[in-house]
Amino acid sequence: MERDRLRRPREPARLRPARLRQPRPVGSEGGAVSAGHSPRTGAGRAPDVFERGGWVTMREYGDDEPVDFAIVGAGAGGATLACKLAEAGFSVVVLEAGPFWRPLEDFASDEEAQQQLYWLDERLSGGADALALGGNNSGWGVGGSTVHFSMISLRFRPDWFQSRSRLGYGVDWPITYEELAPYYDEAERALAVSGPVRYPWGPPRRRYPYREHEMNAAGLVLARGAENMGIPWASVPLATVSAPRGKSPPCVYRGFCNFGCATNAKQSALIVWIPRALAAGAEVRDLAMAGRIELGQDGRAQGIHYRRGDQWRFQRARNVVVSGYAIETPRLLLNSACNRFPHGLANGSGLVGTHLTTHAGPGMWARFDEEIRWYKGPPNMAVCEHWNYTDTGKDFHGGYAFMSQGPLPRAWAQLLVTEKNLWGAALRREMRDYNHMAGLVAVAETEPRACNRVELADVRDRHGLPVAHVTFAYSDNDRRMQDHARRFMGAMLEAAGGHDVWTSDDTSHILGTCRMGSDRATSVVNADGRSWDVPNLWICDGSLFPTAGGVNPSLTIQALACRMGARIRTLAARGEL
């Protein structure tokens, strides 16, 4: 097998290849995205995401005015923490590389047009199992990847926080499930998660804020297969409302969740945490690309160099938070190398960029005699976590969940092209079965290994910054887990009445690279997300994860951000910032 091959990401389902993005304007008065972008926030206002062409008042700070916290990134981690800090009375500026979306105007029912939501700037992906980078693991714009995520809101299994001590693999987190549980509650309430009355896995917990969604036919395939095999299943807890909530209408089941919710039923960071942050006095600067964190002679971060409107500027700050997710966060730290940290800021342990993990996503697909019409409703409505909570009968460490699927026609056609190599008449014949198809895809934990990492390439982007070079390869354990998942999901589809079963490969979320820990020699930040090396530098995103777990990470990222906000408030009260 070819080693350390350096190539562009292969084209996965619903992705275009990574490329250099050319500027396109966003109408300053809130029109649909057309031929370029220009900032929407400024002049004391920001877009009102709930009203066409509307605005809300926004406080602004000068570049020379030191703010309490400058946060890089407005996704699940950055937006949540910005809200919590602003509501605690801190002055906050958020720098976001992408635009400030207006969901009611910018999010079209068009799979091709909505590729604009993904981070598609130049990146290099290599290694024996090079990751596809783009739509399935990173977002571009205020709200980050939450504007196109599948709303799956699952908690980690409690044992995973001490996976080395309790289960014998991976590495222990510096916090326990019990410490995070109140913040899981807080995040689920803020996102108005719709879920079942009794979720069959995990410790006892309070009811979800909203009732579960009506199950679609694709979810009922999983349910039928699970019941025939004698194992539990459940409706997926989703961060999209099943009944009206404030200015959010209930879900209309149009199926475009992964391409931007045009009705605001989805409870993304863009419509949940950002409006609260603005109302509490935070400033959000869109189209502001962070380039380097400046370190002072006293060893503390002084602020951030960022580019906006074709000019490099410098925002002074008493604290800097990096929330760029598992690739852009280590990239910014490595780009901020200085005399004190010649190998990258906060990199005294040498671990910045290392131990990257992903979720392997093997899929199994089958044809059914009856019509399924899997495009109706959110794409993932039924889940089975059997192999996240059952450790007997495994030939691997770790776990995986799997869910029912609902790809839209373009994404399905792309999967047939890339995974079955169909083209022309053969592709057309296969597409005629679209309404009879159903499938299951796993979210499978991979091992944290130092060899899987983010580094800087010699290639530079349109801002003149070195781009990220991502290297990834599966371990033997990772491969055994995926083989197990394929066998089990294939058996379930057949138990549900499916035939002509076939498989596909993919990956999804990217995690690790700046992991939290209890020992500065084996981690980048402590349990509060605070750098061991630079006391006023923090990290708040999925790069903190020491291990990946076998479920989607967005709820855990937001719970960690809620906890971090509370911890910072406590530390400030003690005079320990």
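Each chain carries its own residue numbering, running from 1 in the written order of its sequence. Only residues with pLDDT of at least 70 get local features here, since the model is predicted, and only at 80 or more are side-chain atom pairs given and counted; chain-wide, interface and lining totals rely on the full set of residues. Side-chain metrics rest on all non-hydrogen atoms present in the structure, leaving aside hydrogens and water.

Colleague: Explain the overall build of the protein chain to me, please; I cannot follow it from the model alone.
Modeller: By definition, any uninterrupted DSSP run of H or I lasting at least four residues is a helix, any uninterrupted run of E lasting at least two residues is a strand, and each is numbered from the N terminus. Per the secondary structure count, the protein chain includes 12 helices and 24 strands. Computed over its C-alpha atoms, the radius of gyration of the protein chain comes to 22 Å, within 12% of the 25 Å expected for a compact globule of 577 residues. In terms of principal-axis extent, the alpha carbons of the protein chain reach across some 65 × 50 × 50 Å. For every residue, the accessible area (1.4 Å probe, protein chains only) is compared with the maximum for its type, and the residue is labelled buried under 20%, exposed over 50%, or partly exposed between those bounds. Across the 577 residues that make up the protein chain, the buried fraction comes to 64%. C-alpha atoms define the radius of gyration in this analysis, and the globule rule sets the expected value at 2.2 Å times the number of residues to the power 0.38.

Colleague: Mind showing me how you'd approach the environment of Glu455 here?
Modeller: Structurally, the position occupied by Glu455 is in strand 20 (residues 453-460). According to the relative accessible area criterion, Glu455 is partly exposed, its value standing at 32%. Between the alpha carbons of Glu455 and Arg331 there is a distance of 7.0 Å; along the sequence they are 124 residues apart. Only heavy atoms matter for contacts: two residues are in contact if any of them lie within 4.5 Å across the pair. When residues no more than four places from it in sequence are discounted, the contact partners of Glu455 are Leu334, Val467, Ala468, His469 and Thr471.

Colleague: Help me out: how do you make sense of the nonpolar core in this one?
Modeller: As a rule of thumb, nonpolar side chains are buried together in soluble globular proteins. What makes a nonpolar core is a set of buried Ala, Val, Leu, Ile, Met, Phe, Trp, Tyr and Cys residues whose side-chain atoms join them at distances within 4.5 Å. Val92, Tyr400 and Phe402 are the most contacted members of the largest nonpolar core, which has 173 residues in total. Per-element accounting of this core gives the leading share, 9 residues, to helix 12 (residues 554-573). What Phe402 contacts, discounting residues up to four positions off in sequence, is Leu222, Ala382, Val383, Cys384, Leu440, Val441, Ala442, Phe488, Met489 and Met492. Grouped together as the second largest cluster of nonpolar side chains are 6 residues, Ala192, Tyr210, Cys251 and Ala265 included.

Colleague: Any chance you could explain the sheet that holds strand 12 (residues 301-308) here in plain terms?
Modeller: The pairing criterion is simple: DSSP has to find at least two bridges between the two strands. One open sheet holds the 3 strands; their spatial order is 11-12-13, and the pairing between them is antiparallel. The sheet terminates laterally at strand 11 (289-295) and strand 13 (311-316), the two strands that pair on one side only. Each strand axis lies, on average, 25° off the axis of its neighbour in the sheet, ignoring direction. Examined bridge by bridge, strand 11 and strand 12 share 6 bridges and lie antiparallel to one another. Residue pairing for strand 12: Ile293 is matched across the bridge by Ile304. Helix axes are fitted to C-alpha atoms over the stretch in contact, other axes to C-alpha atoms as well, and angles between N-to-C directions run from 0 to 180 degrees.

Colleague: I'm lost on the pairing of strand 16 (residues 363-367) in this one. Help?
Modeller: Across a regular strand the side chains alternate sides, sitting on one face of the sheet and then on the other. Counting buried positions along strand 16 yields 4 of 5 residues, so the element is predominantly enclosed. Note that strand 16 and strand 22 (residues 499-504) share 4 bridges and pair antiparallel. Residue pairing in the sheet places Arg367 in a bridge with His499 of strand 22.

Colleague: Got a minute to help me understand the sheet that holds strand 4 (residues 69-72) in this structure?
Modeller: Within a sheet, neighbouring strands are paired by backbone hydrogen bonds and run either parallel or antiparallel to one another. The 5 strands lie next to each other as 10-5-4-14-24, forming an open sheet whose pairing is parallel. Of all the strands in the sheet, just strand 10 (283-285) and strand 24 (537-539) have a single pairing partner and so form its edges. Within this sheet the neighbouring strands show an average axis-to-axis angle of 20°, counted without direction. Pairing geometry for strand 14 (residues 320-322) and strand 24, over 3 bridges, is parallel. When the bridges of strand 24 are listed, Val322 appears paired with Ile539. Those strands touched by helix 1 (residues 76-87) are strand 4, strand 5 (92-95) and strand 14, and its axis lies near 165° from that of strand 4.

Colleague: Help me understand the packing of aromatic side chains, please; the structure alone is not making it clear to me.
Modeller: Any pair of aromatic rings gets described here by the distance separating the centres and the angle formed by the planes. Two rings from Phe, Tyr or Trp (for Trp, the six-membered ring) form a pair when their centres are within 6.5 Å of each other. A pair whose planes differ by under 30 degrees is stacked, one over 60 is edge-to-face, and the rest are tilted. Applying the stated criterion across every chain, the model contains 25 aromatic pairs. Taking 5.9 Å as the distance between ring centres and 40° as the angle between the ring planes, the aromatic pair formed by Tyr177 and Tyr184 counts as tilted. The two residues Tyr177 and Tyr184 agree in class, both being buried. The rings of Phe156, Trp160, Phe161, Trp173, Tyr177, Tyr184 and Phe545 are connected pair by pair, giving a single aromatic cluster. A cation over a ring is seen here: Arg45 above Trp55, with NZ or CZ 3.7 Å from the ring centre. Note on criteria: charge over ring means Lys NZ or Arg CZ within 6 Å of the ring centre, with the direction from the centre no more than 35 degrees off the ring normal. It is Arg102 that lies over the ring of Trp55; its NZ or CZ is 4.6 Å from the centre.

Colleague: Is there a simple way to explain the pattern of salt bridges in this structure?
Modeller: Oppositely charged side chains can pair when the atoms bearing their charge come close. Salt bridge, as applied in this entry: a Lys or Arg side-chain nitrogen positioned within 4 Å of an Asp or Glu carboxyl oxygen. Tallying each qualifying case throughout the model produces 35 salt bridges. With a closest N to O distance of 2.8 Å, Arg410 and Glu112 form a salt bridge. Within this pair, whereas Arg410 is found in helix 9 (residues 409-420), its partner Glu112 is found in the loop between helix 2 (103-106) and strand 6 (124-126), the two being separated by 298 residues in sequence. On the basis of relative accessible area, Arg410 is assigned to the partly exposed category, the value being 23%. Judged by its relative accessible area of 37%, Glu112 falls in the partly exposed class. Among the ionic contacts, a cluster of salt bridges with common partners joins Arg155, Asp185, Glu188, Arg205 and Arg206.

Colleague: Any chance you could explain the environment of Ala288 here in plain terms?
Modeller: By the secondary structure assignment, Ala288 is in the loop between strand 10 and strand 11. Note: C-alpha distance between Ala288 and Gln311 (23 residues apart in sequence) is 9.8 Å. Excluding residues within four positions of it along the chain, Ala288 makes contact with Leu95, Glu96, Ala97, Tyr306, Arg307 and Arg308.

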